[in-house]
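Breakdown of the fold
Given next are the chains, with one letter for each unit.
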Amino acid sequence: LAEEQILSGFGNEHVSEDPRCPGALPEGQNNPQVCPYGLYAEQLSGSAFTCPRPTNKRSWLYRILPSVCHKPFKPLEEGHLTHNWDEVEPDPNQVTVPERAPGPARRTGLHTLCGAGEPRGRNGIAVHIFVCNTSMINRCLYNSDGDFLIVPQQGKLLITTEFGKMLVEPNEICVIQQGMRFSVEVFGETRGYILEVYGAHFELPDLGPIGANGLANPRDFLVPVAWYEDRQVPGGYTVISKYQGKLFAAQQDFSPFNVVAWHGNYTPYKYHLEKFMVINSVAFDHADPSIFTVLTAKSTRPGVAVADFVIFPPRWGVADNTFRPPYYHRNCMSEFMGLIKGHYEAKEEGFQPGGASLHSMMTPHGPDADCFEKASKAKLEPERVAEGTMAFMFESSLSLAVTKWGLQTSNQLDKNYYKCWEPLKSHFNPNCK
């Protein structure tokens, strides 16, 4: 997709109509008695009607047939998709899946790795791994429970939505917000990660003393333009709903991607991680990793996130008299790490692209022994850090439970992960400061 076919801006009020039907948007109102071209007007609400303007999310869609034209939903097998956080006993140990998850997956393509909270209460998150090699043909999915933040690690995703099409490649992310129907075309084996958030939408983090510019700039978020197909599907089109953690399927005889025009601020969007404007220490010590936050889903407590999406991109390291890799840490937050490409700076061995780690709430973590010894003796000069690498973190204020699939069924858990810290030795000498 050419860049000129994409709209720019985070949370903007956008207007788009397919050029095949000029004037498809009603003039001066949302719901005229008769819409242009005989279309149906349908509102998609992403927030309560009475939310304050800064958080009020909705779009108006002008479509060939409304979404209500479908047969009843029936239960669909979920495979390894779950929100049952009590499948296995709690485990506070450091957890790593050092290599890519097994695949190809079932037709749903989703394997839940960890999470917390409950979709019916509209508070919580889930982390999924997706693995697939087959496109969704005459099938689409929408999530009634929350938003999907999708991080492809291998393979391109051509995502068709009710708002238009987006091509999302590794080193890009996209967000499909609650209720938006989408279908995915893949081009061979495709893998990645999904952060699902119940009850809150992603926002840009507040910048505070940083000022007006920096981190992920609003203009770099891209929104698809209107595109429609007026296509009958005699064999039946399957609409899949993720509802209260379960999957349901309904049949209809036409494509749901029949939106000729739309306007509003509630849309899918994508972002290229190379656009992130990195901020770092230029004197000594570390700034906290919150400076690498791309998107945040806020909780009701000020400054505390249900989930943050954080990246560790290529950058300069120049801090003097400083241990430059990530410091040893015990955190009141849960930290799920993933790797899109390259080598993570705190663990260059044993953590491969497509792998993952979970450092649970208050469980210690930090650089392995080799990293510590090397960084403690290194000559401190300006250096490029994480060149050719893109690691990321899903951080949450919730205490995440690992699923049975993550701990047992996947057969990918590294039970020797703790051994990477065993070679750490004491350097203490009370007679030498």
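Residues numbered from 1 in each chain as written. Predicted model: local features only at pLDDT ≥ 70, side-chain atom pairs only at ≥ 80, totals over all residues. Heavy atoms only, no water.

Right, let's talk about empty space enclosed by the protein for a bit. As enumerated under the stated definition, the model contains three cavities of 30 Å³ or more in all. Volume-wise, the largest cavity comes out at about 60 Å³. If you trace the largest cavity, you find it lined by V95, T96, V97, L113, C114, F336, A356, S357, L358, V402 and G406. Of all elements in the fold, only β6 (95–97), β7 (110–118) and β25 (356–359) reach the threshold of two or more residues within the lining of the largest cavity. Looking at side-chain class alone, the lining of the largest cavity contains eight nonpolar, three polar and no charged residues. (1 Å grid on protein atoms, 1.4 Å probe; cavity = no way out; pocket = protein on both sides within 12 Å on 5 of 7 lines; lining within 4 Å. Points joined across faces, edges and corners; volume = space filled by probe spheres on them. Helix = DSSP H or I, 4+ residues; strand = E, 2+ residues; numbered from the N terminus. Nonpolar A, V, L, I, M, F, W, Y, C, P; charged D, E, K, R; others polar.)

Here we take up the confidence of the model for the protein. For the protein, per-residue confidence averages 93 on the pLDDT scale, and 95% of positions sit at 70 or higher. Of the regions scoring below 50 in pLDDT, residues 103–108 engages in 13 contacts with residues more than four places distant in sequence or in other chains. (pLDDT = per-residue confidence, 0-100. Contact = heavy atoms within 4.5 Å.)

So, on to the sheet that holds strand β19 (residues 259–264). Think of a sheet as strands paired side by side through backbone hydrogen bonds, with each pair either parallel or antiparallel. Here four strands make up an open sheet; going across it, the order is β2-β19-β4-β3 and the pairing antiparallel. If you trace the sheet from one side to the other, it starts and ends with β2 (14–17) and β3 (40–45), each paired once. The average undirected angle you get between the axes of adjacent strands in this sheet is 20 degrees. Inspection of the sheet shows β3 paired to strand β4 (residues 58–63) by six bridges, in the antiparallel sense. Along β4, the bridge assignment pairs Y40 with R63. (Pairing = 2+ DSSP bridges. Axes fitted to C-alpha atoms, helices over the stretch in contact; angles between N-to-C directions.)

Okay, the environment of K71 next. Along the chain, the position of K71 falls in the loop between β4 and β5 (74–76). Separated by 75 residues in the primary sequence, K71 and G146 place their C-alpha atoms 23 Å from one another. The residues contacting K71, other than those within four sequence positions of it, are A250 and Q251.

Time to look at the UniProt feature "binding site: homogentisate" (unreviewed entry) in the protein. Here, the residues flagged by UniProt with the feature "binding site: homogentisate" (unreviewed entry) are Y344 and H365. For the annotated residues, spread through 22 residues, the largest C-alpha to C-alpha distance comes to 14.1 Å, consistent with a single compact locus. Its place among the elements puts Y344 in the loop between β24 (334–341) and β25. In this structure, Y344 is in contact with P326, M337, L339, F351, T389 and A391, ignoring residues within four places of it in sequence. Its place among the elements puts H365 in the loop between β25 and α1 (369–377). Taking the relative accessible area as the measure of exposure, H365 reaches 8% and is therefore buried. Those residues in contact with H365 that lie beyond four places of it in its chain are Y327, Y328, H329, N331, E335, H359 and W421. (UniProt positions renumbered as here; feature names shortened; annotations may be inferred. Buried < 20%, exposed > 50% of the residue type's maximum accessible area, 1.4 Å probe, protein only.)

Turning our attention to the UniProt feature "binding site: Fe cation" (unreviewed entry) in the protein. The sites that carry the UniProt feature "binding site: Fe cation" (unreviewed entry) are, in the present numbering, H329, E335 and H365. Taken along the chain, the residues just named run across 37 residues; in space they keep tight, none of their C-alpha pairs more than 10.9 Å apart. Within the fold, E335 resides in strand β24. Residues within four places of E335 in sequence aside, it is in contact with H329, S357, L358, H359, H365, M393, F394 and E395. Side chain to side chain, E335 and H329 meet in a polar contact 3.4 Å long. (Polar contact = N/O pair within 3.5 Å; in protein donor to acceptor, adjacent residues only side chain to side chain.)

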